[in-house]
Amino acid sequence: RAKKDSRGSFSFFEPGMDARAQARRKIETDLRAALRHDVLRPYYQPLIGLETGLITGCEALVRWPHPERGMISPAEFIPVAEDTGLINAIGAQVLRQACLDAARWPGDVRVAVNLSPLQFRVGNLMATVMDALKQSGLPPRRLELEITETLLLEKSSQVIATLHALRALGVRISMDDFGTGYSSLSYLRSFPFDKIKIDQSFVRGLCDNRDSQAIVRAIISLGMGLGVTITAEGVETEAELSWLRAEGCHEAQGFLFSPARPNDDVKGLLDLQGSSPVTPRDSVRVA
Ligand code: C2E
Ligand code: MG
Ligand code: MG
Ligand code: MG
């Protein structure tokens with residue numbers, strides 16, 4: 001069957017297409033088995049408040065330990081899950097587990113869960129979220145849902161209504177990978193959200209790149225004007241961190257502090273945190 005590839009051209013006659021299609025089909029089959037056997041797990045990456053140095057929340061990032069291939073990156077299997085509709089089952093499972101795990105974390109630490117645009121289309125997202133909150137006992141204000149600009153492209157009134165309903169529950173909405181989508185800024189007026197996450201492509205190499213600096217500064221000022229929290233993704237160096245702090249960025253997330261870790265590890269880190277700031281060295285020690 002001819003299929004449009006990411007460049008929009010028909011790849012039917014391209015050499016290697018069979019191998020690629022077969023690889024995707026294998027991922028799909030294996031993913032179904034993984035769901036059946038409940039082997040997908042959220043790992044958690046800390047978000048650090050730049051004023052206090054404390055972990056304010058953790059982002060759930062799904063991990064798939066594959067029997068033959070080791071860990072498979074979500075960047076590889078989430079697109080397949082979206083094409084096949086499996087994303088709804090995966091998304092619900094991650095959300096449920098993330099709420100259960102976070103309900104046992106100390107203090108007010110939040111958990112952030114990524115949502116695929118497809119999850120807004122099946123119509124039972126509200127029920128899935130409410131079930132996850134109810135089963136876990138997690139207060140809604142400790143749940144953050146990450147959406148991307150692609151969701152807003154369709155300007156659907158159903159999507160806006162769902163976002164409003166989620167926020168009415170007390171759940172927070174974050175705009176993930178900000179600056180990489182194709183939406184116009186006008187959507188910022190019609191879509192309710194609480195946080196902007198500056199995409200890591202603008203953060204990487206920030207200190208040597210004046211264009212990136214100008215873009216990040218503009219996003220920070222935009223976020224401040226809108227009264228939302230600004231988080232920088234993909235912070236890898238002390239230099240990036242101090243630049244962001246000096247510019248007034250609220251939160252940072254990245255390998256400088258910690259990669260995503262299994263729940264037991266991150267819970268240990270949170271228990272240890274108490275009220276003393278987490279430095280990159282602390283994260284290394286707990287690893
Ligand atoms: P994302 O939501 O933007 O998550 C951030 C990604 O950047 C994660 O990759 C994280 O491990 C990585 N990262 C964090 N800090 C650094 C850093 O300092 N340097 C570098 N180079 N990378 C860093 P990961 O876990 O491979 O996830 C990739 C994407 O897959 C996520 O991007 C998200 O869009 C998607 N994804 C992951 N879990 C889920 C899920 O449960 N549901 C859905 N729908 N999508 C998910
Ligand atoms: Mg995210
Ligand atoms: Mg992101
Ligand atoms: Mg991303």
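To keep things clear, this report deals only with the structure shown in the data block. Computed from a prediction, not measured in an experiment: that's the story for all the values here. (Residues numbered from 1 in each chain as written. Chains lettered and ligands numbered in written order. Predicted model: local features only at pLDDT ≥ 70, side-chain atom pairs only at ≥ 80, totals over all residues. Heavy atoms only, no water.)

It is worth spelling out the site of ligand 1 at this point. Around ligand 1 lies a shell of 24 residues, among which Arg63, Asn114, Gln200, Glu236 and Phe255 are the nearest. In the environment of ligand 1, a nitrogen atom lies 3.0 Å from a nitrogen or oxygen atom belonging to the side chain of Gln45. A distance of 3.1 Å is found between a nitrogen atom of ligand 1 and a backbone nitrogen or oxygen belonging to Val62. Here ligand 1, which alone exposes 810 Å², has 82% of that area covered by the protein. Of all elements in the fold, only strand 2 (55-66), helix 2 (74-84), helix 3 (87-102) and strand 6 (172-178) reach the threshold of two or more residues within the shell around ligand 1. The element best represented in the shell around ligand 1 is strand 2, accounting for four residues. Its residues placed into classes, the shell around ligand 1 shows nine nonpolar, seven polar and eight charged. (Near = heavy atom within 4 Å. Polar contact = N/O pair within 3.5 Å; in protein donor to acceptor, adjacent residues only side chain to side chain. Areas by Shrake-Rupley, 256 points an atom, 1.4 Å probe, with all protein chains shown as cover. Helix = DSSP H or I, 4+ residues; strand = E, 2+ residues; numbered from the N terminus. Nonpolar A, V, L, I, M, F, W, Y, C, P; charged D, E, K, R; others polar.)

Turning to the coordination of the magnesium ion (ligand 2), a few remarks are in order. Taken together, the protein ligands of the magnesium ion (ligand 2) are Glu59 (OE), Asn114 (OD1), Glu146 (OE) and Asp176 (OD), with distances of 2.0 to 2.2 Å. For the magnesium ion (ligand 2), all donor residues lie on one chain, and their spacing in sequence is E-x54-N-x31-E-x29-D. Separation of the magnesium ion (ligand 2) from the magnesium ion (ligand 3) amounts to 3.9 Å, with Asp176 serving as a shared donor to the pair. Of this pair, Glu59 sits in strand 2 while Asp176 sits in strand 6, placing them 117 residues apart in sequence. Given the relative accessible area of 4%, Glu59 is considered buried. (Donors = N, O, S within 2.8 Å, 3.2 Å for Na, K, Ca; no water. Buried < 20%, exposed > 50% of the residue type's maximum accessible area, 1.4 Å probe, protein only.)

Where helix 3 meets helix 5 (residues 125-136), the axes come as close as 8 Å, and the angle between the chain directions of the two elements is 30 degrees. In terms of orientation, helix 3 lies roughly parallel with respect to helix 5. In this structure, helix 3 meets helix 5 at a crossing whose hand is right-handed. Contacts between helix 3 and helix 5 involve Ala92, Leu95, Arg96, Cys99 and Leu100 from the first element and Thr128, Val129, Ala132, Leu133, Gln135 and Ser136 from the second. Its residues assigned to classes, the contact of helix 3 with helix 5 shows seven nonpolar, three polar and one charged. (Axes fitted to C-alpha atoms, helices over the stretch in contact; angles between N-to-C directions. Parallel < 35°, antiparallel > 145°, perpendicular 65-115°, else oblique. Left-handed = near helix turned anticlockwise from the far one by under 90°. Contact = heavy atoms within 4.5 Å.)

As for its position among the elements, Ser136 is in helix 5. A polar contact is formed between the side chain of Ser136 and the backbone oxygen of Ala132, at a distance of 2.7 Å. Contacts of Ser136, omitting those with residues within four sequence positions, involve Cys99, Leu100 and Ala103.

Residues Phe77, Val80 and Ala81 constitute the buried set of helix 2. Taken down its axis, helix 2 places every buried residue within 100 degrees of arc, on the same side. Across from the buried face of helix 2, at angles greater than 90 degrees, the exposed residues are Ala75 and Asp83. The distance from a side-chain oxygen at the start of helix 2 to the backbone nitrogen of Ala75 is 3.0 Å, and the residue carrying that oxygen is Ser73. Positive phi shows up at Gly85, right after helix 2, with a value of about 85 degrees. (Arc of directions from axis to C-beta.)

How two aromatic rings sit relative to each other is set out by the distance from centre to centre and by the angle between their planes. Applying the stated criterion across every chain, the model contains three aromatic pairs. The interplanar angle of 90 degrees and the centroid separation of 5.0 Å between the aromatic rings of Tyr44 and Trp105 together place this pair among those described as edge-to-face. Residue Tyr44 is found in strand 1 (residues 41-49), and its partner Trp105 is found in the loop between helix 3 and strand 4 (110-114); the two are separated by 61 residues along the sequence. Ring centres of Trp64 and Phe77 lie 5.3 Å apart, and the angle between their planes is 85 degrees; this geometry places the pair in the edge-to-face category. With Trp64 in strand 2 and Phe77 in helix 2, this pair connects stretches of sequence that are 13 residues apart. When sorted by exposure, Trp64 lands in the same class as Phe77, which is buried. (Phe/Tyr/Trp six-rings, centres within 6.5 Å; stacked < 30°, edge-to-face > 60°.)

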